[in-house]
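# A look at the structure
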Amino acid sequence: MPDPRTAFPRQPVPDDPAAAAAEFWRYWHDVLPDVSAALGNGCPSQAETLLASAVARLHPDLHFSVDRGGRAIYALVLSGQEDPALRPYTDAWIAGAPPDDAMWEYHDSVPPVPDPAEVTVNVGGRRVGLADVRVVARVDDAEGVVDVAVYHPALADLDEASRTAMTFLPLDAALGERLAAERLRRVETALGEPDDTVDLTRLRALVEELADTVGGAH
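Overview of the structure. Remember, it's a predicted structure, so these values are computed and weren't measured experimentally.

## Some remarks on the layout of surface pockets
- If you add up the space inside the largest pocket, you get close to 1100 Å³.
- Residue lining of the largest pocket: 33 residues in total, with Val110, Pro111, Pro112, Val113 and Pro114 positioned closest to the centre.
- Broken down by secondary-structure element, the contributors of at least two residues to the lining of the largest pocket are strand E1 (63-68), strand E2 (74-79), strand E3 (104-107), helix H4 (160-175), helix H5 (177-183) and helix H6 (200-214).
- The element best represented in the lining of the largest pocket is H4, accounting for 4 residues.
- In terms of residue class, the lining of the largest pocket is made up of 14 nonpolar, 7 polar and 12 charged.
- Of the volumes computed, that of the second largest pocket is approximately 200 Å³.
- What lines the second largest pocket is simply Gln81, Glu82, Phe168, Leu171, Asp172, Glu177, Ala180, Ala181, Leu184, Arg185 and Val187.
- Counting only elements with at least two residues in the lining of the second largest pocket, the list comes to H4, H5 and strand E8 (184-190).
- Of the residues contributing to the lining of the second largest pocket, the split by class is 6 nonpolar, 1 polar and 4 charged.

Here it is as structure tokens:
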């Protein structure tokens, strides 16, 4: 038996993203009945286990999740965490994806949640509602970016790692991974509530308006 402490061998990186994506979607078609059965039985972790090796074969540094969909019942989300080296693989993957339907939708980055104010997250051993997040947003029209400072009443009581997570997580929830990476420049944590703050819904509108003005995907 192998030593359980031995690291799992790293998957090789495919040379051809398009061919690797096509292999993923062939596997997806074959395994979809089992994925659907696992989700129907309330076992999302089993569904993700069925897909983990296929995602790793596409590229070992990609992350994925099976989530509730915004338009469909389920969403399959693939993320390269905005690493430019992974973008050819996520681009090829979404280009080869089936059309969205009533059951599945597909995203090549983490999408924004419909209403951030309805989200509660577990950070630092406590439940924190994003409805109480306030953000100072300073728009640099010339550069097409926004500098932000994030405040929540719980931030002062969190350890450093949890504080960092609670600074960035609301931004990804409001904007989605890609728009946040594209349009946010400097991100700071505010331990006291600043003046002139906006909530996450208003931040989303502000950043989307900027992206529409200067051009960009969202």
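## Some remarks on the sheet that holds strand E7 (residues 145-151)
- Here we have 3 strands laid out as an open sheet, ordered E6-E7-E8, and mixed in their pairing. Two strands close off the open sheet at either side, each with one partner strand: strand E6 (134-140) and E8. Across the sheet, the mean angle from the axis of one strand to that of its neighbour is 15 degrees, orientation sign disregarded.
- One ladder, built from 5 bridges, connects E7 with E8; its direction is parallel. Its bridge partner being in E8, Ala149 is matched across the sheet by Glu188.
- Of the strands in this sheet, E7 and E8 touch H4, which is tilted by about 130 degrees from E8.
- Strands E6 and E7 of the sheet are contacted by H6, whose axis makes an angle of about 15 degrees with E6.

Parameters and conventions
Residues numbered from 1 in each chain as written. Predicted model: local features only at pLDDT ≥ 70, side-chain atom pairs only at ≥ 80, totals over all residues. Heavy atoms only, no water. 1 Å grid on protein atoms, 1.4 Å probe; cavity = no way out; pocket = protein on both sides within 12 Å on 5 of 7 lines; lining within 4 Å. Points joined across faces, edges and corners; volume = space filled by probe spheres on them. Helix = DSSP H or I, 4+ residues; strand = E, 2+ residues; numbered from the N terminus. Nonpolar A, V, L, I, M, F, W, Y, C, P; charged D, E, K, R; others polar. Pairing = 2+ DSSP bridges. Axes fitted to C-alpha atoms, helices over the stretch in contact; angles between N-to-C directions. Contact = heavy atoms within 4.5 Å.

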